[in-house]
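Structural overview
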Amino acid sequence: MISFIRSKKTAVAVVGLAAVSLAMTGCAGGSSGGSSSAASGTYTFWDPYPQFDDSSDWAKLVQACGTEAGVTVERTGYDTSDLTSKALLAGQQGNSPDLLLVDNPVVSTLAEAGLLTDTDETGADTSDIEQNILAAGQIDGATYGVPIGANTLALYYNKTVLDAAGVDPASITDWDTLTSALEKVSASGGKGITFSAIGTEEGSFQFLPWYWGSGAELTDLSSDDAVSALDLWTGWVEDGYAPNSVIGNTQTTSWQEFLTGEYAFGENGTWQLAGVKDSGIDYGIISIPAKDGGAAPAPTGGEFLTVPVQSDDARYGVSEKIRACLTSTDNLVATDTTLSYVAPTKDAQEQQVQADPDLEPWVTAVGDAKGRTSDDLGTEYPKISEQLWKAVQNSLSGSSSAQDALDEAQQAAESATK
């Protein structure tokens with residue numbers, strides 16, 4: 001996916017299980033035989049998990065689902081950064097894989113290029129998938145692929161630091177009460193909050209809960225609501241409630257700061273759950289509050305299992321069988337629990353929480369989340385996001401006011417999306 005996926009991959013590597021998001025293995029390479037050969041032979045599957053070799057649980061699951069469908073699956077794992085460009089090139093050359101597992105914001109890029117089938121064509125049943133998770137793969141009413149799970153953001157907190165400051169985490173319900181808590185922590189000698197505001201998609205990903213929580217929309221970067229969100233972050237840095245390091249923090253370095261045990265809060269994702277359990281920190285988790293109360297919608301991360309366009313459309317039936325196997329409830333639970341993902345269906349979520357009650361706040365957070373390319377932004381999202389993270393950098397560094405930074409970002413985004 002983007003930078004935050006790097007953090008997730010690190011967590012997955014530590015866990016050591018290969019049950020990563022549904023890596024798709026389709027390939028036009030086996031598409032020359034027509035409908036009679038579509039139900040046999042080799043199907044290609046590309047995923048973003050080169051760290052998982054053929055002996056891994058993930059690779060074994062992919063092979064088992066191919067066997068169940070009556071075919072052999074030839075799986076290739078690519079680095080995330082390479083996978084999108086290779087998928088685009090393969091589509092342009094008419095040599096796409098049969099199945100492709102990609103980060104959810106990439107779905108709109110491939111779909112708008114005409115390289116993906118939609119679920120009506122493949123016959124995929126998406127009726128049990130949570131709508132806000134599915135929306136990340138929808139464009140103009142069509143659905144391109146099926147999510148294997150979702151991660152999102154929330155606030156981890158350190159109970160020891162909050163207790164020393166006399167702060168009850170249950171009292172934090174909106175921006176004012178959170179800022180008040182940070183003030184008390186600072187007065188008690190503790191450190192407030194750490195997050196990632198780096199000038200990449202990772203910074204936008206972390207800013208979006210505050211941005212959306214203000215009521216702002218990505219089509220109007222310079223609205224009063226948007227300015228209030230950036231003023232919030234900038235004010236925290238200026239007042240010393242957040243460290244200057246946030247400007248360069250990735251989600252990994254921000255997490256390392258939280259794991260020192262000095263910070264009251266750390267904004268981070270589901271993929272850090274295993275790490276915080278092992279850290280010895282007396283922790284808790286709350287949803288990121290919206291400006292005026294309630295939970296802010298955080299962005300969804302996670303991959304979609306897609307079926308690229310093939311010259312022989314008879315292959316779609318087998319590809320759908322493989323996809324259905326990989327996204328069955330049992331397989332979703334095994335894969336998503338390993339990744340600290342939240343499964344995309346209620347049945348699988350319930351099984352996850354039964355096995356690990358610590359996942360419950362994350363199920364709630366994912367229920368409040370939304371896709372970055374939702375609202376029919378599609379391929380306009382990356383262009384808007386780039387201007388958003390630049391505005392965050394300009395404001396936090398003190399080179400511009402929040403208003404001026406976002407005014408400039410809105411003008412640039414309008415030009416980029418014409």
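The following paragraphs examine the structure supplied in this document. Predicted, not measured: the structure shown is a model, and the values here were computed from it.

Calculation criteria
Residues numbered from 1 in each chain as written. Predicted model: local features only at pLDDT ≥ 70, side-chain atom pairs only at ≥ 80, totals over all residues. Heavy atoms only, no water. Helix = DSSP H or I, 4+ residues; strand = E, 2+ residues; numbered from the N terminus. Rg over C-alpha atoms; globule rule 2.2 N^0.38 Å. Buried < 20%, exposed > 50% of the residue type's maximum accessible area, 1.4 Å probe, protein only. Contact = heavy atoms within 4.5 Å. Areas by Shrake-Rupley, 256 points an atom, 1.4 Å probe, with all protein chains shown as cover. Lys, Arg positive; Asp, Glu negative; His and termini not counted. Charge placed at Lys NZ, Arg CZ, Asp CG, Glu CD. Disulfide = S-S within 2.5 Å. Pairing = 2+ DSSP bridges. Axes fitted to C-alpha atoms, helices over the stretch in contact; angles between N-to-C directions. Salt bridge = Lys/Arg side-chain N within 4 Å of Asp/Glu carboxyl O. Parallel < 35°, antiparallel > 145°, perpendicular 65-115°, else oblique. Nonpolar A, V, L, I, M, F, W, Y, C, P; charged D, E, K, R; others polar.

1. Concerning the overall build of the protein chain
On a plain count of helices and strands, the protein chain comes out with 19 helices and twelve strands. Taking 22 Å as the expected radius of gyration for a compact globule of 418 residues, we find that the protein chain reaches 22 Å, a close match to that expectation. Residues classed as buried in the protein chain amount to 58% of the 418 residues present. In the protein chain, 78% of the contacts between residues at least 6 apart in sequence involve partners at least 24 apart. Working note: accessible area of the protein chain is about 15,300 Å², and carbon and sulfur atoms make up 45% of it. In the protein chain, the 20 positive side-chain charges and the 58 negative ones have mean positions that sit 5 Å from each other.

2. Considering the state of the cysteines
Under the criterion given, the structure shown has one disulfide. Disulfide pairing places Cys65 opposite Cys325 at an S-S distance of 2.0 Å. Negative torsions about the S-S bond denote left-handed disulfides, and the value of about -70° found for Cys65 with Cys325 makes this one left-handed. Of this pair, Cys65 sits in helix α3 (residues 57-68) while Cys325 is found in helix α14 (residues 316-326), placing the two residues 260 residues apart along the sequence. Cys325 gets classed as buried once you look at its relative accessible area, which sits at 10%.

3. Remarks on unusual backbone geometry
Although it is not a glycine, Asp140 adopts a positive phi angle of roughly 50°. Looking at the secondary structure, you find Asp140 in the loop between β5 (138-139) and β6 (142-143). For Asp140, a relative accessible area of 68% corresponds to the exposed category.

4. Here we look at the environment of Ala197
With respect to the helices and strands, the residue Ala197 is situated in the loop between β9 (191-194) and α10 (201-213). Through-space distance from the C-alpha of Ala197 to that of Lys390 is 9.7 Å; in sequence the pair is 193 residues apart. Setting aside residues no more than four positions away along its own chain, Ala197 makes contact with Gly203, Trp233, Val246, Ile247, Asn249, Val392, Gln393 and Leu396.

5. Focus on the sheet that holds strand β8 (residues 153-158)
In spatial order, the strands read β9-β10-β8-β11; together these four strands make up an open sheet with mixed pairing. On the outer flanks of this sheet lie β9 and β11 (283-286), each paired with one strand and no other. Averaged over all pairs of adjacent strands, the angle between strand axes in this sheet comes to 20°, irrespective of strand direction. Relative to strand β10 (residues 263-269), β9 runs parallel, the two sharing three bridges.

6. Points about the pattern of salt bridges
The full count for this structure, using the stated rule, is ten salt bridges. One salt bridge connects Glu262 with Lys191, and the closest N-O pair in it is separated by 2.8 Å. Residue Glu262 is found in the loop between α12 (251-258) and β10, and its partner Lys191 is found in strand β9; the two are separated by 71 residues along the sequence. By relative accessible area, which is 38% here, Glu262 ends up partly exposed. Taking the shortest distance from any N to any O, the salt bridge between Glu201 and Arg372 comes out at 3.3 Å. Here the residue Glu201 occupies a position in helix α10, and Arg372 occupies one in the loop between α17 (360-368) and α18 (381-396), the gap between them amounting to 171 residues.

7. Brief notes about the packing of helix α9 (residues 175-187) against helix α11 (residues 224-238)
Close contact between α9 and α11 brings their axes to 12 Å; oriented N to C, the two are set at 5°. The angle between α9 and α11 places the two elements in the roughly parallel class. Here α9 contributes Trp175, Leu178, Thr179 and Leu182 to the contact with α11, which in turn contributes Ser228, Ala229, Leu232 and Trp236. Per-class residue counts for the contact of α9 with α11 are six nonpolar, two polar and no charged.

8. Brief notes about the pairing of β11
For a regular strand, the rule is simple: side chains alternate between the two faces of the sheet. The alternating pattern of β11 places Tyr283 and Ile285 and Gly284 and Ile286 on opposite faces, both of which are buried. Alignment of β8 against β11, held across four bridges, turns out to be antiparallel. Each bridged residue has a counterpart across the sheet, and for Leu155 the counterpart in β11 is Ile286.

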